[in-house]
Structures are given as structure tokens and as C-alpha cells.
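Examining the three-dimensional arrangement
So the chains spell out like this:
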Amino acid sequence: MQILLADDSKITALPLSAYLERQGHAVTYVENGRAAVEAYRQSPPDLVLMDVMMPEMDGIEATRRIKALGGARWVPVLLITSLSDQGEIIKGLDAGADDYLVKPLVAELLDARIRSMQRIASMQDSLFGILNNVNDAIVTIDEAGKIRSYNIAAERIFGYGATEVIGANVSMLMPSPYTEEHDGYLARYLRERTPHIIGIGRKLPGRRKNGESFSMLLSVTEVQTGQGYQFIGVVRDISEKEMARKKAMSSAHIIAQRGRFIQTVTDAMPGLISHWDKDLRCSFANKSYLEWFGKSPQEILGATMQDVLGESLFALNEPYVRGVMSGQRQQFEQTLTKADGSVRHTLAYYIPDFDTDGTVAGFFVLVTDVTALKEVERLKEGFVSAVSHELRTPLTSIRGALGLVLGMFAKDFPDNVQQLLENANRNSERLTLLINDILDIEKLSAGKLQFHMEVQALMPLVEEALAANYGYGVEHRVQFVLVERADGVKVRVDSQRLAQVLSNLLSNAAKFSSRPPETAAGTGTLMTNAGTSTLETNAGTSQAIVEIGVHQMDGQVRVSVRDFGLGVPDNFRTHIFKKFSQADSSNSQRKGGTGLGLAITKELIEHMGGTVGFDSREGKGATFFFELPVCDPAQ
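Residues numbered from 1 in each chain as written. Predicted model: local features only at pLDDT ≥ 70, side-chain atom pairs only at ≥ 80, totals over all residues. Heavy atoms only, no water.

In terms of helices and strands, the chain carries 20 helices and 24 strands. Per-residue burial over the chain gives 40% buried out of 635 residues. Nonlocal contacts in the chain, meaning residues at least 24 apart in sequence, comprise 56% of its contacts between residues at least 6 apart. Here the chain displays about 34,700 Å² of accessible surface, and carbon together with sulfur accounts for 53% of that area. (Helix = DSSP H or I, 4+ residues; strand = E, 2+ residues; numbered from the N terminus. Buried < 20%, exposed > 50% of the residue type's maximum accessible area, 1.4 Å probe, protein only. Contact = heavy atoms within 4.5 Å. Areas by Shrake-Rupley, 256 points an atom, 1.4 Å probe, with all protein chains shown as cover.)

What follows is the structure, given as C-alpha cells:
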């Protein structure tokens, strides 16, 4: 045990302290009552041995003050006195001492008293253990309203430690006006026995140490003891329940508001919006949905999809229903007949509604009337057809005529006339490329571009493309250099479309190239219209270099085209493969082009089972590449 020994006589105290330590106890020794009270306040012991007669403060007053301090557990006080001090013993017991020992102390009697106190303390600890392990606060008070016990749950709920409240008025745990009214209520109850809380229990506000008020359920029981009446209060913190109740009420209000908001917003939208649960019953439908089918909310809400759509339309939609209920988003076009008999083209989305556990709880339906867009598409197709027949055919004749005149009679014309004819020829070629790009992108979008896929060697196709674009490189003062080969690699492609892809990449690189830096020196294969030759590249060359590489890797082959131009601006990287995209709006004027080349390249490669990409650092050039699956060499 931890024993506090208070005795002004060292002749008595030191041998006693030594004996107790030999018995296995830890002893704190002080020489007067005032020091004993302070030592108790600093660290409450398990037992106090208190001499009655001491200077500064005697043992009786020290006992009274120690007992007034209280605490979370019972600490027995044993007085040490002589046989002649019977009156002092009675005063000490009245002050709160638990027992006494008579000088000179008998070791066996001292040990028996300590064992007795240990048994009582053990029972007290068991009781406190029970009280401290309940979830509710248990607080006992006397007739004056002073707190006598206070369990751990009370410390947690109110925020005060036991040493802060034992001996204080219980009104400190209540907010105003209950603080001011409590003592009067307790006195009135003891006088008139009219219950207000005692024996009844009710919901009241409590006050925590930090000043926060909270809702508590208080039940009070009256107990009569030898020292008078005591009251046992059981407090349950119901603030969370109250908060949850208020939150639920608030949530219900918010949900109702959101429901009205969602209904108002969706009713103002032109599209059809609905929600269907896992039993395919309608749980929500906006105004457009109701009007489309000519039904009231009472007719649609709760009805099955089969009843709302009808047998034939439901049969058409059933595959998409199965798909969305398996967790897959569905998108499809449909021709529907409205309630008024009009036929409309629609684009529908079925979007799964996942529950918190990941299961599909239903799905949302979004339907857009695309009849007007279909009409625009029809008109666009007519325009494309007109471009094909009404523009490209005469333009081809004009190009042929200009080419014939320049080829046969150019020397007969003055220089200024010859220059005009050459400009006209270049512009007609540029216009032809523009028309071809527009036609290609439209056919790709409509899925009408034909592909003739064959397994064939890749390197001959690359070399043919380099030779075909040789003149374009000369025009832009660019040399095409093949820096890496992958001979023997076969791919399954449309050779004509692959040539178009390579031409797009090479022409882009040529247009945006500049002379390579000093570190670009090395050797490669120079492509010319007469074949190939070895090229020594160095910083002294006056022409720009475009490097072409073919590299095989992990079942794929990559064809890359690298230039040493300004690179792709950071703010343009996400738009590089979009239609009509150019990093600088002035590029179409300075460099030529439609902004369709890379978009067409991406579509063509993806139709042939490949992927496209690029690497670039602004100001350091760019490398555009495509990858295709490698075919078995035996094919």
C-alpha cells in the first residue's frame, strides 16, 4: 500500500516507517498536519496514519480537511494516540477518522488494522469499479447539495475531474437558472416532501466544464443513512440523440426541399428524365417524360416499365435494361412515337444507380430528342456530297489544266504570269487537300470509310511513304532521316490508309521543324526520291532534320516521327488530336493545313487496331508516334 505517515516525533515515526517498508509498503513521511493535507492533495495515498497531537495543525483538523477533499475512492485515516486521549479520539472519529491505534503501537495489531482497511478498501474499489464502468454518470449529494461521490462516466460527461467537484455544490453542473434555484428546491423538498425531480426523473439541461450546455436525462433516488439523507443522481447524456433527432427533422426538411428543387429543375429541362428501381418500377419522372407518354404522375409513379412503355417498346429496350442492371452504362438511339402520334429520333442513356454496398439499386433514364440534329446531319451529308461532286470534280480539272500549262508552256510566259500560275496551282492543291480531309473526317465519323486490311511488311510501307514525301521535305528545307529500323515486322493494315497517316505525320514535322541542336549529330539513312543513302548529321548542316524510327517492343511496333521545332504548347496538349485544332490560330495562315490531319491520323490508326500519342517539351521539339500490333512472321 501507499501509506502517508504524519507524526511530529521522529523517534516514533522513523522506526514505524522502517517497519512498514519492511512489510512491503511505500511510505511518505511528513512532520505535521498541514504538510499531511498538502501531501494528500498532491497524491492521495491508500492509507493515512495520523498522530493526533502535532504542531501547526493537529491530526484532528488535518483529518477533517483530508476528508473534505474527498476523491474518486475511499482513503481510510487511522489516528495514532495514547490511552489518556479518549476525548481526542472521539473528536477525531467525528472529524472523519475511520479507526485509531494506541501508543505504543503493537506490530501485530497494526498489521491487523491495515489488513482490515485493505479488505474494506477492496470492497470499496469493487463498488467503485462497478460504478465507474457504467455508461451513465452517478453523482451522490448530501442534504446541503454537496457532492460526495462522482464516477468516471460523470467525469467524461461533465468534463470535471472528481477532485474538482467532491465537496462542491452540485449546482455547478447546471446552467442558469437551475444553478440559482437548486438549493431552494432541495430545501423545499426536505421540508415539504413535494417531488419535482426526486423519484420522478425528467429531461434537463446540464453544463459541462467548458460552459457548454447539453441535454441530459436525470433520475434521482433518495437514501437515508446514519449521517442523514443522501441523493443518488443518475445522469444520461442524451445530447447526441437530441442532435440526431433534430438532424433527422432537418434532413427530412432538406430532403423535401431538394425534392422540390430537383423536380423544378428537371421539369424545366427539355429531355426525358426518370428513375426506375430494381423491380423496374418508376420512382421519378419529370414533366417532359409525363408529357411524352401522355400520362399523369399517378399513372406512371409506381408503375412497371413494361406497363409504361408497352409490350413492343419494352421488348426493344429489354437488352439495355439487362445491361444497366448488371452495372454497365447504356447508350443507344431509337425512333419513338409520341402520344400525339409524331415520330421522333431519340438518344437514350441508361445510367446505373449504385447503392452504398455497390449493388445496383435501379437506374436513371435520360432521353434526348435528337430529331433536329438528325435533320442537320442529313443536310450536312448532302453538303458533303455536294462538295464531293460539285467542287472536287471541277477542281481536279483546274489542277490538271494548270499542271499541263506549267509543264508545257511555262517558259513561254513572262515571269510575272508564270508566278501567278504557280500560285494558282499551289492554292488548288491546297484546296484539294482541304476537301479531301473534310471528306475523310466525315466518312470516318459516319463509319463509311472503307478499309482493306492485309498482313504485310511494315518497313517497305514506311520507306515508300518517306520517298513519296521527299519533295515536300525539299520544299520545306527538311531532310527525312530513318534512324531506326525493324526489318521483318509484319502488321495488319490498309496500306493506303497507313500511307496517309505517315504523310500526315511527316508533313506536320516538316512544317514545324527547325535545324537540330548540336547534340543531334550522328548517322542515319537519308531518304531521297532516288532511294536511300547514309547521312552524317552534324551541327553544320543548313537543313532541318526529321528523324523517323521503327521500334519493336512487347508484341507492338512503334513508328515515331521526331522534329526539332518549338514543340507542343502545354496549354494545347489536351486538344492536339481534336478536329480543326491548331496551337496558334495564325498557323493555318503561316504553315498551311486544316487542323484535321492529326484527328484523321488518330481515327485511321484506331480503326486499324492501334494507338497514337506524342512526347513533347515546349521549345524542344515533338515526337509523334503510333503503335500497331505485330503479326506472326509466318503469316
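In a regular helix each residue adds 1.5 Å, so 13 residues correspond to 18 Å; helix α1 (residues 10-22) covers 18 Å between its end C-alpha atoms and thus fits that length. One or two steps after α1, the chain reaches Gly24, where phi turns positive at roughly 95°. (Expected span 1.5 Å × (residues − 1).)

Spatial strand order, β2-β1-β3-β4-β5: five strands in an open sheet with parallel pairing. On the outer flanks of this sheet lie β2 (26-30) and β5 (99-102), each paired with one strand and no other. Neighbour to neighbour, the strand axes of the sheet diverge by 20° on average, direction disregarded. Examined bridge by bridge, strand β1 (residues 2-6) and β2 share five bridges and lie parallel to one another. Each residue of the ladder has a partner; that of Leu5, found in β2, is Tyr29. Sheet strands in contact with α1 are β1, β2, β3 (47-51) and β4 (77-81), and its direction is about 165° off that of β2. (Pairing = 2+ DSSP bridges. Axes fitted to C-alpha atoms, helices over the stretch in contact; angles between N-to-C directions.)

Considering all chains together, one arrives at two cavities of 30 Å³ or more under this definition. A volume near 130 Å³ is recorded for the largest cavity. Leu309, Asn317, Leu336, Tyr350 and Val367 are the residues nearest the centre of the largest cavity, which is lined by 16 residues in total. Breaking the lining of the largest cavity down by element, the ones donating at least two residues are β11 (272-277), α10 (287-293), α12 (305-309), α13 (311-325), β13 (330-337), β14 (343-354) and β15 (360-369). Taken together, the residues of the lining of the largest cavity sort by class into 13 nonpolar, three polar and no charged. (1 Å grid on protein atoms, 1.4 Å probe; cavity = no way out; pocket = protein on both sides within 12 Å on 5 of 7 lines; lining within 4 Å. Points joined across faces, edges and corners; volume = space filled by probe spheres on them. Nonpolar A, V, L, I, M, F, W, Y, C, P; charged D, E, K, R; others polar.)

Core analysis: the biggest nonpolar cluster contains 45 residues, and Leu498, Ile548, Phe624, Phe626 and Leu628 have the highest contact counts within it. Sort the elements by how many residues they give to this core and helix α18 (residues 495-511) lands first, with seven residues. Apart from the residues within four sequence positions on either side, Phe626 is in contact with Leu498, Val501, Leu502, Leu505, Val557, Arg558, Val559, Ile605, Thr611 and Val612. (Core = buried A, V, L, I, M, F, W, Y, C linked by side-chain atoms within 4.5 Å.)

Turning to the confidence of the model for the chain, a few remarks are in order. Averaged over all residues, the pLDDT of the chain equals 81, while 81% of them reach at least 70. Across residues 517-521, confidence stays below pLDDT 50; counting only partners more than four residues off in sequence or on other chains, it has six contacts. Long-range and interchain partners of residues 585-590, a stretch whose pLDDT sits below 50, account for seven contacts in this model, where long-range means more than four residues apart. (pLDDT = per-residue confidence, 0-100.)

This brings us to the pairing of β11. Taken across its six residues, β11 has five buried, putting it largely inside the fold. Of the strand pairs in this sheet, β11 and β15 are connected by six bridges, and their pairing is antiparallel. If you follow Trp276 over to β15, its bridge partner there is Phe363. Of the pairings in the sheet, the one linking β11 to strand β12 (residues 282-285) comprises three bridges and is antiparallel in character. Directly across from Trp276, in β12, lies its bridge partner Cys282. Linkage of β11 to β12, two consecutive antiparallel strands, is achieved through a turn of four residues, within which Leu280 is found at a positive phi near 60°.

Evaluation of the coordinates by the stated rule reveals seven aromatic pairs. Ring centres of Phe158 and Phe214 lie 5.7 Å apart, and the angle between their planes is 70°; this geometry places the pair in the edge-to-face category. Taken together, the residues Phe158 in helix α6 (residues 152-158) and Phe214 in strand β9 (residues 213-225) connect sequence positions 56 residues apart. Between Phe332 and Tyr350, the aromatic rings sit 5.2 Å apart at their centres with planes inclined by 90°, giving edge-to-face as the arrangement. Of this pair, Phe332 sits in strand β13 while Tyr350 sits in strand β14, placing them 18 residues apart in sequence. Judged by relative accessible area, which is 2%, Tyr350 ranks as buried. The structure contains a cluster of three or more aromatic residues connected by ring pairs, namely Tyr320, Phe332, Tyr350 and Phe363. Cation over ring: Arg208 sits above Phe214, and NZ or CZ is 4.0 Å from the ring centre. The ring of Phe625 has Arg558 lying over it, and the distance from NZ or CZ to the ring centre is 3.7 Å. (Phe/Tyr/Trp six-rings, centres within 6.5 Å; stacked < 30°, edge-to-face > 60°. Lys NZ or Arg CZ within 6 Å of the ring centre and 35° of its normal.)

Further remarks concern the sheet that holds β14. Strand order in the open sheet formed by five strands is β12-β11-β15-β14-β13, and the pairing between neighbours is antiparallel. Pairing within the sheet leaves two strands with one partner each, and these edge strands are β12 and β13. For this sheet, the mean angle separating the axes of adjacent strands, direction not counted, is 25°. Two strands pair when backbone bridges link them, and β13 and β14 are joined in this way by eight bridges, in the antiparallel orientation. Bridging from a neighbouring strand, Phe332 pairs with Ala348 of β14. Sheet strands in contact with α13 are β13, β14 and β15, and its direction is about 165° off that of β13.

Let us now look at the pattern of salt bridges. This structure, assessed with the given rule, holds 19 salt bridges. Ionic contacts of the salt-bridge type, sharing partners, join the residues Glu61, Arg64 and Arg65 into one network. (Salt bridge = Lys/Arg side-chain N within 4 Å of Asp/Glu carboxyl O.)

Taking burial as the measure, the five residues of β4 include five buried ones, the bulk of the element. Of the two faces of β4, both are covered, the one formed by Val77, Leu79 and Thr81 as well as the one formed by Leu78 and Ile80. Strand direction decides the pairing type here: β4 and β5, joined by four bridges, are parallel. From the neighbouring strand, Thr81 faces β5, where its bridge partner is Val102.

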